[in-house]
Amino acid sequence: MVKPLRDLANFFEEAGKIARFAGRFLQAVWKPPYELRELFHQCYVIGYQSLFLIALTGFIMGLVLDLQTRPTMIEFGAESYLPAMIGISVVREIGPVITALMCAGKIGSSIGAELGSMRVTEQIDAMEVSGTNPFKYLVVTRILATMLMLPVLAMLSNAVGLFGSFLVENLKGGVTPVLYYNKVMNNLAFGDLIPSFTKCFFFGFAIGLVGCYKGYYAKKGTVGVGAAANVAVVLASMLVFVLDLIAVLIADIFYEL
Amino acid sequence: MNQPYSHGHFSGSPLIEIRGVRKSFGEHQVLNGFDLNLHEKENLVIVGKSGSGKSVLLKCIVRLEKIDGGSLWVLGKSIADLSQVELDLLRSDVGFLFQGSALYDSMTVRENLQFPLRRHVERSRGENEESLIRATLESVGLAHTVDMLPEELSGGMKRRIALARTLILRPKIILYDEPTSGLDPITAKEIIELILKVQQQYNTASLIITHDMDCARVISNRMIILIDGINYCEGTYQDLMAVDDERVRAFFK
Ligand SMILES: Nc1ncnc2c1ncn2[C@@H]1O[C@H](COP(=O)(O)OP(=O)(O)OP(=O)(O)O)[C@@H](O)[C@H]1O
Ligand SMILES: [Mg+2]
């Protein structure tokens, strides 16, 4: 077969396998035993590990976004709309997507590498023979934890991002905290938060799913572990954009109504 | 070359009985009608070249790999027909020492030993978990490592902890996948002595895979040579040493 065709075939085969893996997750997640302790532990690890990173990138994004758009807005005499505009773009789009991309890099790769090395050193087999279902203990808990933590991290990123933009407004435009807050909140509806929150949930699912899938089926050898981590990041980041597109299209239908 | 089984000093039905087991990965036929009996309190050693399917055989015994054909009985139960719950119960009677120790490297030694107990609480037999862990660690001579992480341990120590993790459920059978591989000769000897010691202490039967003919000589009551995916020939170490076959003799060089 010609190479592009083979690549395409491989792509669809891989997509099918990931879909089946997701199906297995959806089946396993309801059935006891629930590994609650490991779930909380993973939430802590995933949430806490990424806290600083997410806060920092969120802050810089808000600050830079404000600095960049300010001159144009002033030119149009629309300076007073800045907080509202930044608020909407951060909460609806930039906060969730930046958070998801950072997490794809940080959490996706670390799950891929961790499960990958557990696979090649037979730790997953060892779990299985000692009576613990490794899929439940390792995979279900990690996917759930990323699903739960991503919206939380995105909220943090939104808040810190708005604070960054406020700093610029305050220093350059003399906007007071109360005024800034009011301007943002008057234009942000609850309807902006729901889609943003929901899509973070799916971003988290995608990141956890891909990281776990790649690690769980890592090929033998140290190369396999590296490849698992690497591919997990690339695939998860790509999925974030695809899911974002779908989410925006769906949200758009609702805004029209 | 398949010698009939002729060592009458083992009585009762075998703990593990394997008949004509076949296993392939795609085109690659790894096990091609393999037979084996493991009896109570026996040390059965399997030798074979690298890639001959020794690890695959052990994995079939605990159903980490599914067999394609033949029959495989462990403690009187046909492995292929068990439900997940029955399988988990059976697996708690069969210890598995993995080729690379397979300690959980994010957990301390204590947590590693606790892990099998979380699904088999009944195995602690009312004993206090902590004292059970202590006692098991003492039997491998590493009580002081209880709060350490696997990365702080040497290869030989890891092997011992892995053995302790296997012993904590008091299995009836232990499967050893190359217990001495990657260790220096002195540490390897210590591990061999340890295996013999815990065997006495806990009355287990062992199926041991190895490349190491010194290990095989010291440990085995009986040996099987695995070639071409079959039980090519079996007998005591002395029996096999006397066999006049090019491929068997190659192991004793
Ligand atoms: N999951 C798998 N998928 C495909 N092939 C496999 C798999 N596991 C084992 N094999 C193949 O089966 C053969 C036997 O492997 P196995 O690990 O049992 O060898 P071994 O006798 O234990 O060797 P060693 O002494 O090096 O550990 C090898 O050729 C290997 O490539
Ligand atoms: Mg092997």
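Relevant structure appears above.
Keep in mind that this is a model prediction, so the values were computed, not measured.

Counting its regular elements, chain A contains eight helices and zero strands. Seen in sequence order, chain A has helices and strands lined up from the N terminus as α-α-α-α-α-α-α-α. Taken along its principal axes, the extent of the C-alpha atoms in chain A is 65 × 50 × 40 Å. Across the 257 residues of chain A, 46% fall into the buried class. If you take every contact in chain A between residues at least 6 apart in sequence, the share linking residues at least 24 apart comes to 84%. For chain A, the accessible area works out to roughly 13000 Å², and carbon and sulfur atoms hold 72% of it.

With that settled, consider the overall build of chain B. Secondary structure summary: chain B contains nine helices and ten strands in total. Here chain B has a C-alpha radius of gyration of 18 Å; the compact-globule value for 253 residues is 18 Å, and the two agree. Dimensions of chain B, computed from C-alpha atoms along their principal axes, come out at roughly 50 × 45 × 40 Å. Of all 253 residues assigned to chain B, the portion counted as buried reaches 56%.

Okay, the sheet that holds strand 7 (residues 173–177) of chain B next. Residue and element names in this part refer to chain B. Read from one edge of the open sheet, six strands run 6-7-8-3-9-10, paired in mixed fashion. Each edge of the open sheet is held by one strand with a lone partner, namely strand 6 (94–97) and strand 10 (230–235). Averaged over all pairs of adjacent strands, the angle between strand axes in this sheet comes to 20°, irrespective of strand direction. Across five bridges, the pairing between strand 3 (residues 43–48) and strand 8 (residues 205–210) is parallel. Its bridge partner being in strand 8, Val 45 is matched across the sheet by Ile 208. The strands touched by helix 5 (residues 155–167) within the sheet are strand 6 and strand 7, with strand 6 carrying the most contacts at an inclination of about 165°.

By the definition in use, this model includes 17 aromatic pairs over all chains. Residues A:Phe21 and A:Tyr217 carry aromatic rings whose centres are separated by 5.8 Å and whose planes lie at 70° to one another, so their mutual orientation is edge-to-face. Of this pair, A:Phe21 sits in helix 1 (residues 3–28) while A:Tyr217 sits in the loop between helix 7 (190–216) and helix 8 (222–256), placing them 196 residues apart in sequence. What makes A:Phe21 buried here is its relative accessible area of 2%. A connected cluster of aromatic rings, assembled from ring pairs, spans A:Phe21, A:Phe135, A:Tyr213, A:Tyr216 and A:Tyr217. Note that A:Arg24 overlies the ring of A:Phe135, its terminal NZ or CZ placed 4.1 Å from the centroid. Over the aromatic face of B:Tyr104 sits the side chain of B:Arg165, whose NZ or CZ is 4.5 Å from the ring centroid.

Residue and element names in this part refer to chain B. Close contacts around ligand 1 come from 15 residues, with Ser 50, Gly 51, Lys 54, Ser 55 and Glu 178 the closest. Measuring from an oxygen atom of ligand 1, one finds a side-chain N or O atom of Glu 178 at 2.8 Å. In the model, an oxygen atom of ligand 1 is placed 3.2 Å from a nitrogen or oxygen of the His 211 side chain. Relative to its unbound accessible area of 630 Å², ligand 1 is 63% covered by the protein chains. Listed by contribution, the elements that provide at least two residues to the shell around ligand 1 are strand 2 (28–38) and helix 1 (54–61).

The next subject is the interface of chain A and chain B. How big an interface is tends to be reported as the loss of accessible area on association of its parts. Listed per partner, the contact involves 15 residues of chain A and 20 residues of chain B. When chain A packs against chain B, the two sides together hide about 1600 Å² of surface, and 52% of this comes from carbon and sulfur. When the buried area of chain A at its contact with chain B is split by residue, A:Glu122, A:Gln123 and A:Val129 rank highest and sum to 35% of it. If you look at where chain A meets chain B, you find four salt bridges. The salt bridge partner of A:Glu122 is B:Lys59, with a shortest N-O separation of 2.9 Å. Our enumeration of links across chain A and chain B arrives at eight residue pairs in polar contact (both at pLDDT 80 or more). Broken down by element, the residue count for the side of chain A that touches chain B peaks at six residues, all from helix 4 (residues 123–129) of chain A.

All names here are of chain B. Taking every second residue as pointing to the same face, both faces of strand 6 are buried, with Val 94 and Phe 96 on one and Gly 95 and Leu 97 on the other. Here strand 6 runs beside strand 7; their pairing, made up of four bridges, is parallel. In the strand pairing of strand 7, Leu 97 is matched with Tyr 176.

Residue and element names in this part refer to chain B. Listed as protein donors to the magnesium ion (ligand 2) are Ser 55 (OG) and Gln 99 (OE1); their distances from the metal cover 1.9 to 2.6 Å. Here the residue Ser 55 occupies a position in helix 1, and Gln 99 occupies one in the loop between strand 6 and helix 3 (109–119), the gap between them amounting to 44 residues. Given the relative accessible area of 29%, Gln 99 is considered partly exposed.

On to the packing of helix 4 (residues 129–139) of chain B against helix 5 of chain B, then. Describing two packed helices takes the angle between their axes plus the distance from one axis to the other. All names here are of chain B. The interhelical angle for the contact between helix 4 and helix 5, taken along N-to-C directions, is 135°, at an axis separation of 9 Å. The angle between the axes of helix 4 and helix 5 places the two elements in the oblique class. Along this stretch, helix 4 crosses helix 5, giving a crossing that reads as right-handed. For the pair helix 4 and helix 5, contact is made by Thr 136, Leu 137 and Ser 139 and by Ile 161, Ala 164 and Leu 167, respectively. In the contact of helix 4 with helix 5, the residues fall into four nonpolar, two polar and no charged.

Cut-off values and rules
Residues numbered from 1 in each chain as written. Chains lettered and ligands numbered in written order. Predicted model: local features only at pLDDT ≥ 70, side-chain atom pairs only at ≥ 80, totals over all residues. Heavy atoms only, no water. Helix = DSSP H or I, 4+ residues; strand = E, 2+ residues; numbered from the N terminus. Buried < 20%, exposed > 50% of the residue type's maximum accessible area, 1.4 Å probe, protein only. Contact = heavy atoms within 4.5 Å. Areas by Shrake-Rupley, 256 points an atom, 1.4 Å probe, with all protein chains shown as cover. Rg over C-alpha atoms; globule rule 2.2 N^0.38 Å. Pairing = 2+ DSSP bridges. Axes fitted to C-alpha atoms, helices over the stretch in contact; angles between N-to-C directions. Phe/Tyr/Trp six-rings, centres within 6.5 Å; stacked < 30°, edge-to-face > 60°. Lys NZ or Arg CZ within 6 Å of the ring centre and 35° of its normal. Near = heavy atom within 4 Å. Polar contact = N/O pair within 3.5 Å; in protein donor to acceptor, adjacent residues only side chain to side chain. Buried area = accessible area lost by both parts, 1.4 Å probe. Salt bridge = Lys/Arg side-chain N within 4 Å of Asp/Glu carboxyl O. Donors = N, O, S within 2.8 Å, 3.2 Å for Na, K, Ca; no water. Parallel < 35°, antiparallel > 145°, perpendicular 65-115°, else oblique. Left-handed = near helix turned anticlockwise from the far one by under 90°. Nonpolar A, V, L, I, M, F, W, Y, C, P; charged D, E, K, R; others polar.

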